[in-house]
Structure formats: C-alpha cells, structure tokens
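Fold and contact review
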There are 4 protein chains.
Amino acid sequence: MTVRIGVIGTGMIGRDHTRRIAQVLAGAEIVALSDYSPEAAEKAKADFAPGATVFATGEELIASSEVDAVLVCSTGSTHEAYVLAAIAAGKPCFCEKPLATTAEGAKRIVDAEVADGRRLVQVGFMRRYDAGYRMLKRVVDEEIGTPLMVHAAHRNPSVPESYVTPMAIHDTMIHEIDVLRWLLDDDYVSAQVVYPKASKHSHAKLADPQIVLLETAKGVRIDVEIFVNCRYGYDIQCEIVGEEGLARLPEPMAVTRRLDAKLATPILTDWKDRFVASYDVELQDFIEAAAKGTASGPSSWDGYVAAITSDACVEAQEAEGRIVPISLPQRPSLYA
Amino acid sequence: MTVRIGVIGTGMIGRDHTRRIAQVLAGAEIVALSDYSPEAAEKAKADFAPGATVFATGEELIASSEVDAVLVCSTGSTHEAYVLAAIAAGKPCFCEKPLATTAEGAKRIVDAEVADGRRLVQVGFMRRYDAGYRMLKRVVDEEIGTPLMVHAAHRNPSVPESYVTPMAIHDTMIHEIDVLRWLLDDDYVSAQVVYPKASKHSHAKLADPQIVLLETAKGVRIDVEIFVNCRYGYDIQCEIVGEEGLARLPEPMAVTRRLDAKLATPILTDWKDRFVASYDVELQDFIEAAAKGTASGPSSWDGYVAAITSDACVEAQEAEGRIVPISLPQRPSLYA
Amino acid sequence: MTVRIGVIGTGMIGRDHTRRIAQVLAGAEIVALSDYSPEAAEKAKADFAPGATVFATGEELIASSEVDAVLVCSTGSTHEAYVLAAIAAGKPCFCEKPLATTAEGAKRIVDAEVADGRRLVQVGFMRRYDAGYRMLKRVVDEEIGTPLMVHAAHRNPSVPESYVTPMAIHDTMIHEIDVLRWLLDDDYVSAQVVYPKASKHSHAKLADPQIVLLETAKGVRIDVEIFVNCRYGYDIQCEIVGEEGLARLPEPMAVTRRLDAKLATPILTDWKDRFVASYDVELQDFIEAAAKGTASGPSSWDGYVAAITSDACVEAQEAEGRIVPISLPQRPSLYA
Amino acid sequence: MTVRIGVIGTGMIGRDHTRRIAQVLAGAEIVALSDYSPEAAEKAKADFAPGATVFATGEELIASSEVDAVLVCSTGSTHEAYVLAAIAAGKPCFCEKPLATTAEGAKRIVDAEVADGRRLVQVGFMRRYDAGYRMLKRVVDEEIGTPLMVHAAHRNPSVPESYVTPMAIHDTMIHEIDVLRWLLDDDYVSAQVVYPKASKHSHAKLADPQIVLLETAKGVRIDVEIFVNCRYGYDIQCEIVGEEGLARLPEPMAVTRRLDAKLATPILTDWKDRFVASYDVELQDFIEAAAKGTASGPSSWDGYVAAITSDACVEAQEAEGRIVPISLPQRPSLYA
C-alpha cells in the first residue's frame, strides 16, 4: 500500500520532507498540504506534489479522508494541537521537535495516546536514525561493558544574537538529551550546569560555552559541552566509557588531504549537512509504521521526558553549580 | 511519472535490485520479471512486486508495452543480446557488468546505441555512485592540482579455488579500471603486471598478489595492488597524488574503540557491505534518466573501454613485466 | 664543567636516574650514592658509577664537598628534610614528587628557598618535559585563542587493592594538577568531585572511576576523568578548547596495522612506557641549570601549589558533589 | 671509558655531530677537529669543544694517538680515503653517506675491513635508528607474516635547480634502498623506473616525480614514489604488506587541531626535522661499539650494496621502463 501523507507546515523542514517523500522515499505519496502561508503550500505542491490538495487549515487536512498520516512541521507552538487532533483522528503523526512547548503539553499528548491504546506519534529526533549513532549503539550494547561515563560536545560555529542562554538547552542540548537516553537505555536523575569563561565571540545574552553535567538512574555521569560560537565548525562528539573499554561516535566521512603542510580532513560548518541522511531513514521508518496504522521510533513519551529534562537543565542554568534533581512519572506500559 | 521497470535475471543482484526499486527508491515500480528459473522470478514477484507479470523470456519482457525500462541482471553471457534488444526497442536499459563478455560484443552495443543516436544504456559500475569516491573526485578536481600518480589497492580476505589469475582483472580490477578513468577523466595507454612472491594463502591456479601498472594518456602513472587472499579484510584504497597535494579515499565510517590495548576501527570483511549504499544512488540515477527516455552514468562506451583495457591487462599478466600498449578507437561524440 | 651528582635513594626511580646520568646524558657524573639499604646503593655503584662514593646517610651525601647537586629519590616522607638540607647547603636539588607529604611541608621548602633568594629546587613533574605536552603547549599558546575548557582523562588498566580513593588524587591526578596549570599558565580556584557508578573491576576501598571538575582563576573549566581500572590500557588524554579552536595531546607514536579485520594501533599498558623519554629531558634540564648553580623547570612553588590543590580535591572527594574553594597564598616573586 | 673522538669535516652535519657528542650524548668527548676550512674547525672548537686540537688534515687527525675513533663528515669525494686510513689505523670510524662515490670505492673499503678481520665502519644510514622504523621492523618481523609488497614514498616540498634526475637516486632514494633492505632482511635483484607526467613545479633537468620498482631476492615487490617538488611537505611513507596483514610507518607525532573547518595535524616541511632524533641514537650506538674497539649498525657492506643498487637504479632511470638486473657479490662472513 502507498501511504497518503498530508504535510502541515511547508517552511524549510516541511518543504524538505515533502520533497523527500515525493522524490526519494518509497511507499508514500504527498496528497495534502497546508501552511500558514497558502503561497508556501501552493509552491510545495507545484514543485513536488502536483496532485496534492492544499487545505486552508491543518485541522481540515487531518480530518480529510484522503489523508492516511500526517507530518507536523509547522511552528512549535502549534504542534500540540495538531498532534492531539491526529491522535483523535486515529492517524499516525510525525511531529518535528518540540512535541509541545511545555512539559505539560507533552504530557497531554502522552495521556491522549495512552488513552487511545496504541502508538501513533513519532517525534523528529533524527539522530537516532544517524548511521554513526546506530553503529555506536551497537558497540555500546555489545563490546564495551556497562557504560559508566559519557563525554559529549555539541559545537556550532556561531549563532545570531537572537539565540539566548536557555536556547542552548531547548534548541541544542535537546538532541543530546534524547540521543544519550536512547544510547544508554537510561533516564536522568539530576542536572548541573557550570559556565566557563565566556568566549569573546559570544554576546551579552548568551553564556557560551556551557557545560551540562547529567547523572542517570543507572549511575552514568555525562558531561556535555555546549559551545555555539566555537568558530571552527559544526562538530558533534560523543564518547562512551564502559567497564571494558571506550567507543566514540564516528567523524563524518571525509577525504584526507595532504596539502599546504597539513594532513587534514574538512569539518562541516553547516549543521544541516551533519544529519541530512538521517532524515531519509527517519521518514522511511515513519512510512513503514504508518502503513500498519501505528508509529515507531522516538515516541511521545520520549518527547515528554526530553521536555522534563530540558526544564531541569534550564533551572540548573539559572542556579549555576547547583545540582537539580530530575524526577519522572512512571513510564506507561505503552512505551515499555 | 512512475517508470515501469522489468527485471531480467532475479538471482542475487537482480532480486536485490527488485527489492530496492519496490521498497526503497522513488519514481519507479517493478512491473515485469523474468529469469532462467521461473521459480526465482515468481519468488521475487511474491516477495516484492505482487502486481508484476512474470515473462518466460527476457526478449518478451523487453517487448512488452507495459515495460518502460529494463534491468539486465542475468548471467554475463546473455547481457549483450538483451542490451541490443532493449536498444532496438528504444528502452532505457541498466546492465550489470560486464556489458558483454568480449570487447567486440561491447563494441556492437556501442555501435547500436550510436546508430540509434541517444544514450539508452547504463552499465553497473556502482563505485562512481559511492559517496567516498564522489568526495574524492571533487577534491581531485578542485584542490590537489593536476593528477600525476595514483596508488590503489583492492584487497579481499580470500577467494575460492574457482577464482583463477585472469579473474583478478575481469572480476576485481575491472572496478578500478572504470573508476580511475572516471576520477582522472583520462584513458589508459599501457599496462604492465608484476607478480610478488605468491601468498601461501593462495592456490595453484592463482597468482596472488599482483601489481598492475597503468599509464594514462595524460601521463598519470597508476599502481594497483590486487590481493584477494589478504586475510585481514575487504579493503579498497585509493590515493591520488597531484601537483599541489594528495587526496585519499575515505575509509568506511566506523566507531573507534579503545579496547584490549588497541585503538581500533573495524575493517569490513564482506565486499557486499562496502558499496551497498551506492546501489541505491546508481539505480535512482537510472530511474531519473529513464523517466526522460534516456540513460546517464557509466555508458556503453565506458563498458567497451573497460573491456579493451581488461584484455590488455590480461595480456600483460601473461607476459609478466612486459609493457602492453592499449589503444582505443575514436570516442563517438555521443559519449563526449 | 661536569656536574658532580649525588643520588639519595637508589630504588626503582633513583637507580634509573643513576643509569641515565651515567650512561645517557651529557654534562654530569654520579659521584655519590646513598640508600636506606646500603646494598642497593652499592649495586647502583657497581652497575653504573664505579667511581662513586656510597654515603651512609643522605645528610652526609648532601654535605660532601665532592657533590655539586643532589637527586632526592628516596621514600616520600623523607623528601622534605633532604630538600631543606640541600637548600641549606646551597646545592641544586632535584626532588621526585611529592616535594613533601603535606602542604605545610612544601611551604617550609618554599620559605627556605625564598629566604635563600635563588631557585635551587626542581620537582619531578616530568610531563612538562614530554614532547607531546610541549607540542600541545605551543599550539595552546599560539593557535587556538584563549583557553576556555579542558577535557582530560587519566586511565590505568588496573590498580592493586592497596590503592584507595584518595590515591586517585595524590598519586594519579597530581600529574594533571601540575601539567594543566603549566599548560594554561593559570591556577585553580575550586574543585568538585562526582562519582559515576563504580566499575565492577574496582574494589571496596576505591571509588573508580571519578570525575574531578576544576575551575581556574581565568575561568577555565576542566573535567578530568580518573579511571584506574579501565582495563584497556594506560591512556592519557588532554583536549584544550580555546576561543578559536581545539588542540589535542598527541597519541604515542605507533605503527598502524591492518590485521584480523581491524585497523589498529596499540595502546600502552604500562605507565612506565608512557613518559619514559621525558625523564631524560627533565634531568638534562636539571644538569644544565645545576651547572649554573640554580634550578629551572617545576619549582618548589609548583610543588606547593600541587599539594594545596590535591588537599582540596581530597576534600571534594569526601564531600561528593560539593564545590570546594581553593585559595593560594601570594606567589613569591622568586617564582614569577 | 670515555671514547675520544676526532671529527673530520665541521660543516653542517659535522658541526652538529660535534655538538651532539659534546652536549647531548654520554660516553664520548670531542678531542680533535679538522676541516678544509680551518676557521670552521676553530669555530666548532670554540663553540663545543674548547679542549680539542685542530688538525690541519684528516690524515693527521686519524693518526693522532689522542684519537680513539673518527667521524668522517667531510665532502663525499674524500670519504673513501679517510675511511681506509681509519681502518689502517685500526680505529672505529663513523662515515656519513656516501661511503664512497663509486661502488668500486665502497668495495675497496669492504675489502680492507674484511682483510683487517673486524668491523670498524658504521655508515650514516640514520633511518635504521628512527623510532618509527624500529617499531615498524618489530611489527614486520612478528605480526604481519611474510612480507610480499612494499609501497613507499619519499616526498620533499621542493629542490633547487642544481638537483638533477640522478640525484633522485643518489641523494634521496638511497635512504629507502638501505632501510627497506634492513626492514625486509633481503636484497634487490632488479630495478625499473617509470616517469609520470612531470610536475610543473619541477625544472628542465629533473624528471619529477619518478616511480622506482624494485624486486628482491625473496620476491618482494617494492614501489617507491620519489617526488621532490611535491609542495605540501616533507613526507616519508612506508607500508609493508605481508601474508597476514599490513603495517605502516608511523606519522611523526603531532597535535591534532580543530581549527578553521579542518581537523588537521601539521606535516613537516624541513627534512632536517624528520629524523633528527635518530642522529642521537645512531651516534650513541657508534660510541658504545667504539668503546669496545669495533662498530655496529649499518656496515661497509651495507654501504657497498647501496652503491651497487643505486647504480642499477640510475641505469634504470636512463632506460625508462626497462627492468635492470642487480647482482651482488657474495656477502663476506664478517657481515653475516
């Protein structure tokens, strides 16, 4: 069967997902589009899905009998309502992060999905689909013994002035929060933030870099360096230390040069290039589950836990040096 | 439009391409299958393409008005006839290597395609679609100056007793013959083969390792080590030395471990894993060109040149140490 | 001139330094030896310095007019008295770590040296002489901008049961404490220790691994993983993140192998192999300064600061999670 | 005992060896100096060996009863006579390469040493003392099985116009000729040279790059790329392929940087930095053997074989593409 997909929000990421489903992936077609700006929806239709219907609202798109499954790619504040509507309609729903702008909102989605009794929501934590992280998970699971420590870094060459301190958690660290839980099969119990001397390349409203220290239920200690004006490149590092040895996330594949007295490989500078291949895998996974009327991959629960953890990290930012406890509700059996 | 594809030959690679087109790639569907063993074709139909028609012969499949484009994945000796039939039918045709079992056969295909006046044939030299080789080509074209030398190696852990000396050229070196021409945008003018001491892990009918030395029209000197009982892994190395610097084919992405007193990354041992991702890209390229009624990528001409070069290398094997000239006919403008 | 050296303590390290001065380095000779066990001193004499005099006590050796400079390699509890005696005698003195067993003892040495008015003491922090750390310091000083963060690790394959929690500071971390101050040209202002889940390969009296978090006067944040039952090897890691980029301590030079499906370099397992070359450089530096009647390299002040910092780290171990302030007295101008 | 050394030739390398023996190494002193330019000898005396005697001629220096052992560092054409004089005087003699300017001259030295009945000559092939090559030899001997192939490169950023084609053998490849024989414990039986397109950075009298193909008595095939205007750095590569796996010469130790969108280590550009540490080891070995009245390390025989092999390689240069046989006389038992 071909899954008939409707896309809500055809801005940068939604437009790209539309292209992906129409031109790259198998098993689905774009049948419906909707955007706050009807022109954007019409343009996506013209470019990638000439047969699709453009709906005036996301709600109408979700309700359409032509639509089997929904992609929510609109602005973050609208996610919760669309996802709840998709659950109410019994339709599989892929939601870009954040699942909701508050932990409470995410909880409402979890509650609705649990009440419905089956998984319908996949959250867009694409790193779980990255080939490098998948290789790393296999090695962590099989070769290095019980994980004890994680040393990670999330570096970006620069950020605009609109990027302020809490965004280091909500927009940046959020990826580490999700992917490290998944790598370790574990949850967080505390967070602490310390601030090194600020880089002169940062600005007044952003403490940069930051170091976030997390502790997990199983006793793993994690340090994550967040440095979003690091200048030299977009660089994601992750090293897991286990009882028997250590494993490190692969660098992106690159040609080694010997040039100008240097033995060098390039480092990416645009974050969009780093995990671009994982979007294909992520959506293919969504399509395959949607064909069966369900969802897999990162769940509403994962989105909810990420929201709770993010809130604790922001609290830890505000109370520099203080260890902030993180407590989670019982995990519903739907997400076991 | 969706390209309707017929697959001739549903053995290992044909069956895998059937799955790929049915389940992974966009823009095409499998509508026809044919195999020497009707059971194999029926099984591919059942597994991947329930709506497809199974034809008794490749010729009938090619002739069917349901079929827009053809994949020739049958045994090598049948390739020439099927490709000629596809050209005669005016249908885009992807042909697994070899294009023909002799240079003369390949020439007949070139002549037919030239007479027809448009490209219809893509040969299955998948390395040109490998992400690593593509990165390498970009660096060779842009960063290291005029290429002067290439140091390459093609190593395999072991081969069965049925693999005899000339197969080191026809089955193994053939990939380097094509991909190095493409990387350098050049052609060969001579070949020489020298034999190191044979590995004790080889057998009586196989001189292993071998070193093939090629010279190009632009004066590039190439050494290719072929070592198919190297024991340690399947390992493809390629280093291009230019006037300003050097570039090296990336190693496959891998997790670095620190374990057991070693800092190590794994080396693949199964050749099928090395270029698996490039099959997807190769066939997607075929589908996109076929949708326009033509073909792109490695051409009949490339298949023909590879055949001529292989023949010269085999002659050089037989006359160890002697430099064997390679001369090519004029390149038809269709392949300019 | 040839510096006439007396060695107090001819156990493992003292005996090795005796050999080094007698057989490897230029500009000095061993003229005097002393050890708690006269047999050990006689054996060192027989093996490396047949012309040397064996003294019954370190004090007599220091007092001898034949001796220009002294190496203190005896057990730690005796260091302070010998170093003070050497200062009193006006003789350059190389003292293996610790300079003294308490910060107060180290302070007495600093006071004596300051009262004397010239540097006479070099402490055996050999990492400052390691070629890798020296390369790293050059890059930190010149290329990566102002340092903001340090990520370090000190790993050992295993330790005996006699190695208990505080030794992770006094015997292990002590090297990082000194070398990071030197790399950064900075001092510490606070320490915090957190404990990951303990490795099953540790024992009851040792919390292993540990993470020590240091903050410097200039605002650099340092995390040091100490993991002395890491199993896989003796591994020293140091990564400095600056405002413009990042520099990493070189791995020890090693042959890359492709063997058994692995691309690997060996990791050392015996700590004695890791910095062995730096002992030569360290003592050559001592000899050259001693020839001029003074000392260079790591000073009494460095030894004293290391002692104060170690004490704070042990306090931080005992109060897991609490941030312990570190305050240093004014640095005497002798050590500016 | 302290070996009393006389140095003939106090130009760049002779002056540096004088410093090395006077200030760095143990067990020897410089007692005599001689140079074509008496001022150079006097300057070396003033700078490093105030107690040394300056002799008017090398012959007088060799004859002096104050001199136990001799370093021949004068211009190449004078080596043979000085080495023969040292043998006649029964004094250990370290001779910078070349041992003689012709194979016949080297043979006269071998004959004289054999007639004398003991080893007195060490030739300055310092790569055998390089830590990287020593590590590589251990791995070749113990881990990778019987060697079958060697891929090597000797690259230099640029050479002056005075460097002409045969110097690629006599001045550059000579090091590979010696060190590969030693690594493989083998001798050469043929040589072939092929010329890639010349780099535009070369000049009229120099074919650059060149590829030298050697075959050994045990059947190992060696390719050595010589590229002395490679622009990017001074770079020595050596990869040995054995029956079980592969080993590669370590890169010089270097700090890894992440800077300016590159993950890079520096490549040396000055050849003098590449093997500088091996000069210390080489001369220490000479001193230790000289103290016993003999010599070890690279022998006259090795110098002679290098000369014969070089001559064959130059012949192969002149007859591009032709395989030139190399035949050696019987190895005297003194060099077994």
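Quick caveat, the model's predicted, so the values are computed rather than measured.

Conventions adopted
- Residues numbered from 1 in each chain as written.
- Chains lettered and ligands numbered in written order.
- Predicted model: local features only at pLDDT ≥ 70, side-chain atom pairs only at ≥ 80, totals over all residues.
- Core = buried A, V, L, I, M, F, W, Y, C linked by C-beta atoms within 7 Å.
- Buried ≥ 20, exposed ≤ 12 C-beta atoms within 10 Å, placed from the backbone.
- Contact = placed C-beta atoms within 7 Å.
- Least-squares fit on C-alpha atoms with pLDDT ≥ 70 in both.
- Axes fitted to C-alpha atoms, helices over the stretch in contact; angles between N-to-C directions.
- Helix = DSSP H or I, 4+ residues; strand = E, 2+ residues; numbered from the N terminus.
- Parallel < 35°, antiparallel > 145°, perpendicular 65-115°, else oblique.
- Nonpolar A, V, L, I, M, F, W, Y, C, P; charged D, E, K, R; others polar.
- Left-handed = near helix turned anticlockwise from the far one by under 90°.
- pLDDT = per-residue confidence, 0-100.
- Pairing = 2+ DSSP bridges.

Okay, the nonpolar core next. In terms of nonpolar packing, the biggest core is built from 452 residues, with Val83 of chain A, Val83 of chain B, Val83 and Cys93 of chain C together with Val83 of chain D touching the most fellow members. For Val83 of chain C, the residues in contact, after removing those within four places along its chain, are Val72, Cys93, Cys95, Leu99, Ile109 and Val121 of chain C.

Expressed as a screw operation, the relation of chain A to chain B combines 0.0 Å of axial shift with a rotation of 180°, fitting to an RMSD of 0.0 Å. Such a turn and shift between the copies fits a two-fold axis. The residues that chain A uses at the interface reappear at the interface of chain B in 100% of cases, marking a shared surface.

Glancing now at the packing of helix H4 (residues 79-89) of chain B against helix H5 (residues 103-116) of chain B. All names here are of chain B. Direction vectors running N to C along H4 and H5 enclose 5°, while the axes themselves pass 10 Å from each other. By the angle class used here, H4 and H5 are roughly parallel. Contacts between H4 and H5 involve Glu80, Val83, Leu84 and Ile87 from the first element and Gly105, Arg108, Ile109, Ala112, Glu113 and Asp116 from the second. Split into classes, the residues belonging to the contact of H4 with H5 amount to five nonpolar, one polar and four charged.

In a packed pair of helices, the relevant descriptors are the angle between the two axes and the axis-to-axis distance. Residues and elements named next belong to chain C. Interaxial distance between helix H5 (residues 103-116) and helix H10 (residues 300-318) falls to 9 Å at its minimum, and their mutual angle equals 160°. By the criterion of interaxial angle, the relationship of H5 to H10 is roughly antiparallel. Of the two possible hands of crossing, H5 and H10 adopt the one that is left-handed. For the pair H5 and H10, the contacting residues are Ala103, Ala106, Lys107, Ile109, Val110 and Glu113 in the first and Ser300, Trp301, Gly303, Tyr304, Ala307, Ile308 and Asp311 in the second.

Quick look at the relation of the copies chain C and chain A now. A rotation about an axis combined with a shift along that same axis relates the two copies of the chain. Mapping chain C onto chain A is achieved by rotating through 180° and translating by 0.0 Å along the same axis, at an RMSD of 0.1 Å. The fraction of interface residues of chain C whose copies in chain A are also interface residues reaches 100%, indicating that both copies meet through the same surface.

The partner chain A presents 27 residues to the 27 residues of chain C that form the contact. Those elements that place two or more of their residues in the side of chain C that touches chain A are strand E7 (147-155), strand E10 (221-227) and strand E12 (245-248) of chain C. For the side of chain C that touches chain A, the element with the most residues is E10 of chain C, which contributes four residues. Looking at the side of chain C that touches chain A residue by residue, the classes come out as twelve nonpolar, six polar and nine charged.

Chain-level pLDDT for chain A is 97 on average; 100% of the residues reach the 70-or-more range. Here the predicted complex scores 0.96 on pTM and 0.95 on ipTM.

Now for the interface of chain A and chain B. Every contact between the two is made by 25 residues of chain A and, on the other side, 25 residues of chain B. Along the lines of polarity and charge, the residues of the side of chain A that touches chain B split into 15 nonpolar, five polar and five charged. By the bridge criterion, four bridges tie strand E12 (residues 245-248) of chain A to strand E13 (residues 256-259) of chain B in an arrangement that is antiparallel. Paired with Arg248 of chain A across the bridge in E13 of chain B is Thr256 of chain B.

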